[in-house]
Every structure is written in structure tokens, then in C-alpha cells.
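Letter by letter, the chains look like this.
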Amino acid sequence: MVRKTITMLSQLAIIHVFYFAGVGLAHILSLPVPGSIVGLVLLLLSLFAGIVKLEWIEKAGGWLLAELLLFFVPSAVGILNYKEMLNWQGLETVLLILISTFIVMAATGFTAEKLYRRKRKGGHTQ
Amino acid sequence: MTTALIILIGTIVTYVIYRASKVVYKKWPMPFFHPLLLCPLILIGIIQLAHLHPSDYALSSSLWTHMLGPATVAFAIPIYKHAPLLRKNIMIILTSIAAGTLVAIGSSLLLSLVMRFNGDLLISLLPRSITTPIAIEVSKTIGGLPTLTTVFVIVTGVTGGIIGPYVIRLMALKSPVARGLALGMGAHGVGTNKAMEYGEQEGTFSTIGMIMAAGMTLIWGGLLIPSLLQITIL
């Protein structure tokens with residue numbers, strides 16, 4: 001238990017190093033990209049370069065990705081601050097988002113599925 | 001109460017209710033019980049009953065909000081593990097996400113016009129399909145309200161997480177690449193979370209879809225959206 005906690009915390013610390021490095025770099029170079037994405041790129045490059053081993057971060061990384069919804073909860077509660085959303089226009093906005101999200105997912109998935117099938121067919125005839 | 005104690009309580013309460021919501025959703029997987037709908041609703045109920053101010057709750061749960069940053073960094077792991085798979089499908093990924101981002105902006109714009117939305121509301125809606133920090137950047141660039149965009153990003157995530165499986169069934173999406181890209185493009189991190197339930201490949205394609213969507217929307221935000229807005233406002 002103690003050992004597991006220590007592993008988890010030290011792995012979280014390594015991921016945080018990349019996060020803060022990303023935030024710092026984005027700030028210094030005033031990049032139009034958020035620090036977390038810069039951190040992602042830095043970690044990816046370090047993994048490919050062999051500077052960081054997958055085992056060093058895999059446990060904490062897996063936990064962060066598995067519990068992602070938890071990290072959105074406070075923002076979802078924050079909608080409470082927008083009393084303006086709790087009226088007719090708010091309802092219409094939610095409807096718009098629902099329809100648009102449906103169309104976006106359908107269009108993206110349709111395109112990918114079509115291209116995937118065509119690629120597979122092409123592969124067979126060769 | 002000291003700030004440390006407030007954060008301790010908020011962190012624990014949020015975590016316990018989140019865990020409970022996940023158990024409920026696993027037992028009764030109905031859209032209404034989606035953890036990102038059920039858990040916030042219970043918390044909002046508690047906040048109202050206890051007469052707390054929303055900003056107190058925001059402070060008390062700030063540890064979990066902070067974790068979104070490191071979690072984004074951790075998306076490097078599935079990309080690294082599945083790099084050959086991504087390289088093999090790069091053309092499918094680029095084409096589908098280009099289509100997805102254009103449809104996201106176009107459909108938001110058209111539906112806004114149909115519903116007679118305009119001004120800040122319309123502009124803040126355009127970048128809502130992508131992950132929060134970049135959506136805020138795009139919103140600023142095109143003259144929207146970042147806080148309003150944040151709300152729309154969250155609503156998009158909740159909605160997309162719920163309707164995603166229905167879209168996959170309805171469109172008969174069979175390949176991991178189509179399933180993953182649809183979820184990551186349509187509902188950013190929340191969709192990617194769902195994609196990981198389908199499988200590791202779906203999760204990886206969703207991750208890369210989410211990142212590419214953010215990148216492409218950033219480009220459209222600078223090039224395409226300003227001229228689109230000019231045309232539609234004229």
C-alpha cells in the first residue's frame with residue numbers, strides 16, 4: 001500500500017515536471033498553445049528519445065486518463081455561475097450543441113470509416 | 001475555516017460523489033446517469049442546500065481542476081505506445097479531422113443563424129468542440145467570451161459523452177479509427193474517456209483526434225472564422 005502510494009506520487013511528480021515545463025515554455029515564448037499541450041509534446045519527445053522510460057510514468061498516467069471525468073466535474077458545477085443559461089435561450093443553446101455535436105461525430109466517423117474501408121480494399125487488390 | 005481545510009473537504013466530497021456516480025452509471029447505464037451529469041447535479045444540490053457560494057466550491061475542488069493539466073500531458077503515453085498505428089493511418093486522421101473541424105464550425109454557425117443567435121453568443125459557440133484551454137485561445141482570437149466558451153465546451157463534452165455510443169451504432173462505425181476519431185473530434189476529453197472504454201486503439205485514435213482537432217481549429221480561428229463571420233454579419 002505504502003509502496004504503491006509512493007510509486008504513484010513519484011510518477012505524478014514526473015508528469016508534473018513536464019506539465020510545468022510546458023506551461024513555462026509556452027509563457028516564455030508566448031505560444032498560442034496552452035502549456036499542457038506543450039508539456040504533452042515535451043513528454044512525447046522525451047519518450048521517443050529514451051530520456052524517460054514508459055514504466056516511470058505509466059501507472060500515474062493511466063490513473064489520470066482513467067479518471068479524466070473527475071477533473072471536469074468542478075467546471076460542470078461551475079455552470080451554476082451562469083444563471084443566464086437557465087432560461088429559454090439557454091435551453092436553445094443546449095439543443096444547438098446537441099444537434100451540432102451529433103452532426104460533427106457522424107461526419108467525422110463517416111469520413112474515417114469510408115477511407116478505412118477503401119484503404120483495406122486497396123490493400124487486398126495489390 | 002482555513003483554505004487548506006476547505007480544499008481537503010471539497011476534494012474528498014467531490015471524489016466520493018464521483019465514485020458513487022460511476023457505480024450508479026455502471027449498474028444503470030442510462031444517459032441521465034452519466035457521471036458528468038449525475039455527479040455535478042448532486043454537488044449543485046448540496047451547494048444549494050448548504051447555501052454555499054459557487055466560488056467557494058470552485059476553490060475547494062481546485063485540486064481536481066488542476067489535474068486536467070497533467071492529464072493532458074499524460075495523453076503522450078497512448079500516442080507513444082501506438083505511434084506505428086497512427087503513422088499507418090495518418091491520411092485518414094488528417095482528412096477526417098479536417099472534415100470534422102469544418103463541420104463543427106459550419107454547423108454551429110448555421111444553427112446559430114437559424115436560431116437567430118448573434119454577437120458574443122454566436123462567436124463563443126464556434127470553437128466549442130475542442131479541449132477547453134485551446135477553445136479559450138480561439139475564442140479570444142475571434143472575439144468571443146472565453147468564460148461562455150468554457151461553458152459550451154463542458155456542455156459539448158457531457159452531450160457528446162452521452163450521444164457518442166448512439167452515433168457509433170446509428171452510423172455503423174465498425175473500425176477503431178472511425179469510432180475513436182468521432183468521439184475525440186466531437187467531445188474532446190470526455191469523448192476520449194468514452195473511447196477508452198471501447199478499447200486501447202479507439203482511445204489512441206480519439207486522443208490524436210482530440211489534439212488534431214484543437215490544432216486545426218486554432219488554424220481556422222486565425223484564417224477562416226474571421227472571414228466567415230464577416231460574410232454572415234453583412
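Keep in mind it's a predicted model, so treat the numbers as computed, not measured.

Visitor: Account for the overall build of chain A, naming residues and giving values.
Guide: Scanning chain A from terminus to terminus reveals five helices and zero strands. Helices (α) and strands (β) of chain A occur, in sequence order from the N terminus, as α-α-α-α-α. In terms of C-alpha radius of gyration, chain A reaches 21 Å, well past the compact-globule figure of 14 Å for 126 residues. Counting only C-alpha atoms and orienting by the principal axes, one finds that chain A spans roughly 60 × 50 × 40 Å. Across the 126 residues in chain A, those meeting the buried criterion constitute 42%. Expressed as a percentage of contacts within chain A between residues at least 6 apart in sequence, the contacts between residues at least 24 apart total 45%.

Visitor: I'd love a proper account of the packing of helix H10 (residues 132-142) of chain B against helix H11 (residues 146-170) of chain B, names of residues and values included.
Guide: Residue and element names in this part refer to chain B. In contact at an axis separation of 9 Å, H10 and H11 are set at 140 degrees when each is read in the N-to-C sense. When the axis of H10 is compared with that of H11, the two are oblique. As H10 packs across H11, the resulting crossing turns out to be right-handed. Seen from H10, the contacting residues are Thr 132, Ala 135, Ile 136, Ser 139 and Lys 140; seen from H11, they are Pro 146, Thr 149, Thr 150 and Val 153. When its residues are assigned to classes, the contact of H10 with H11 shows four nonpolar, four polar and one charged.

Visitor: So what's going on with the packing of H11(B) against helix H12 (residues 176-198) of chain B? Residues and values would help.
Guide: All names here are of chain B. Where H11 contacts H12, the axes come no closer than 9 Å and their chain directions differ by 70 degrees. Relative to H12, the element H11 is oriented roughly perpendicular. Across the interface between the two elements, Val 153, Thr 156, Gly 157, Gly 160, Gly 161, Gly 164, Pro 165 and Ile 168 from H11 touch Arg 179, Leu 183, Gly 186, Ala 187, His 188, Val 190, Lys 194 and Tyr 198 from H12.

Visitor: Before we move on, can you summarise a nonpolar patch on the surface with the specific residues and values?
Guide: Residues and elements named next belong to chain B. Taken together, Leu 5, Leu 8, Ile 9, Ile 12, Val 13, Val 16, Ile 42 and Ile 46 make up a surface patch of nonpolar side chains, about 630 Å² in accessible area. Contributions of two or more residues to the nonpolar patch are made by helix H1 (3-27) and helix H2 (35-49). With six residues, H1 is the largest single contributor of residues to the nonpolar patch. Following the sequence through the fold, Leu 8 ends up in helix H1. Judged by its relative accessible area of 48%, Leu 8 is partly exposed.

Visitor: Please provide a residue-by-residue account of empty space enclosed by the protein, values included.
Guide: Residue and element names in this part refer to chain B. Enumeration according to the criterion identifies one cavity of 30 Å³ or more in this entry. Thr 101, Ala 104, Ile 105, Leu 126, Pro 127, Ser 129, Ile 130, Met 185 and Thr 217 together form the lining of the largest cavity. Counting residues per element, the lining of the largest cavity draws most heavily on helix H8 (residues 90-114), which supplies three residues.

Visitor: Go over the domain arrangement of chain A with me, naming the residues and quoting the values.
Guide: Assigned domains of chain A: these are domain 1 (1-73) and domain 2 (82-126). On a C-alpha basis, the centroid separation for the pair domain 1 of chain A and domain 2 of chain A is 29 Å.

Visitor: I'd like a rundown of the domain arrangement of chain B, residues and numbers included.
Guide: Residues and elements named next belong to chain B. Taken as a whole, chain B is organised into domain 1 (3-66) and domain 2 (76-233). Here domain 1 and domain 2 have C-alpha centroids that lie 26 Å from each other. Both faces considered, domain 1 and domain 2 share a buried interface measuring about 500 Å² in area, 75% of it formed by carbon and sulfur atoms. Per-residue buried area on domain 1 facing domain 2 is highest for Pro 31, His 34 and Leu 36; these three make up 75% of the total on that side.

Visitor: How would you explain unusual backbone geometry if you had to name every residue and give the values?
Guide: The phi angle at Ser30(A) is positive, at roughly 40 degrees, despite the residue not being glycine. Following the sequence through the fold, Ser30(A) ends up in the loop between helix H1 (2-28) and helix H2 (35-49). The phi dihedral of His188(B) is positive, around 30 degrees, even though this residue is not glycine. Along the chain, His188(B) falls in helix H12.

Visitor: Account for the interface of chain A and chain B, naming residues and giving values.
Guide: Many structure descriptions define interface size as the accessible area lost when the parts assemble. With 68 residues of chain A in contact, the opposing surface of chain B contributes 93 residues. Of the roughly 7300 Å² buried where chain A meets chain B, counting both sides, 81% is carbon and sulfur surface. The interface formed by chain A and chain B includes three salt bridges. For the pair chain A and chain B, the interface holds 13 residue pairs in polar contact (both at pLDDT 80 or more). Taken together, the elements giving at least two residues each to the side of chain A that touches chain B come down to H1, H2, helix H3 (54-66), helix H4 (68-77) and helix H5 (88-125) of chain A. Of the residues forming the side of chain A that touches chain B, the biggest block, 27 residues, is contributed by H5(A).

Analysis parameters
Residues numbered from 1 in each chain as written. Chains lettered and ligands numbered in written order. Predicted model: local features only at pLDDT ≥ 70, side-chain atom pairs only at ≥ 80, totals over all residues. Heavy atoms only, no water. Helix = DSSP H or I, 4+ residues; strand = E, 2+ residues; numbered from the N terminus. Rg over C-alpha atoms; globule rule 2.2 N^0.38 Å. Buried < 20%, exposed > 50% of the residue type's maximum accessible area, 1.4 Å probe, protein only. Contact = heavy atoms within 4.5 Å. Axes fitted to C-alpha atoms, helices over the stretch in contact; angles between N-to-C directions. Parallel < 35°, antiparallel > 145°, perpendicular 65-115°, else oblique. Left-handed = near helix turned anticlockwise from the far one by under 90°. Nonpolar A, V, L, I, M, F, W, Y, C, P; charged D, E, K, R; others polar. Patch = residues over 30% accessible without salt bridge, like charges linked within 9 Å, V, L, I, M, F, W, Y side chains within 5 Å. Areas by Shrake-Rupley, 256 points an atom, 1.4 Å probe, with all protein chains shown as cover. Salt bridge = Lys/Arg side-chain N within 4 Å of Asp/Glu carboxyl O. 1 Å grid on protein atoms, 1.4 Å probe; cavity = no way out; pocket = protein on both sides within 12 Å on 5 of 7 lines; lining within 4 Å. Points joined across faces, edges and corners; volume = space filled by probe spheres on them. Domains from an automatic or database assignment. Buried area = accessible area lost by both parts, 1.4 Å probe. Polar contact = N/O pair within 3.5 Å; in protein donor to acceptor, adjacent residues only side chain to side chain.

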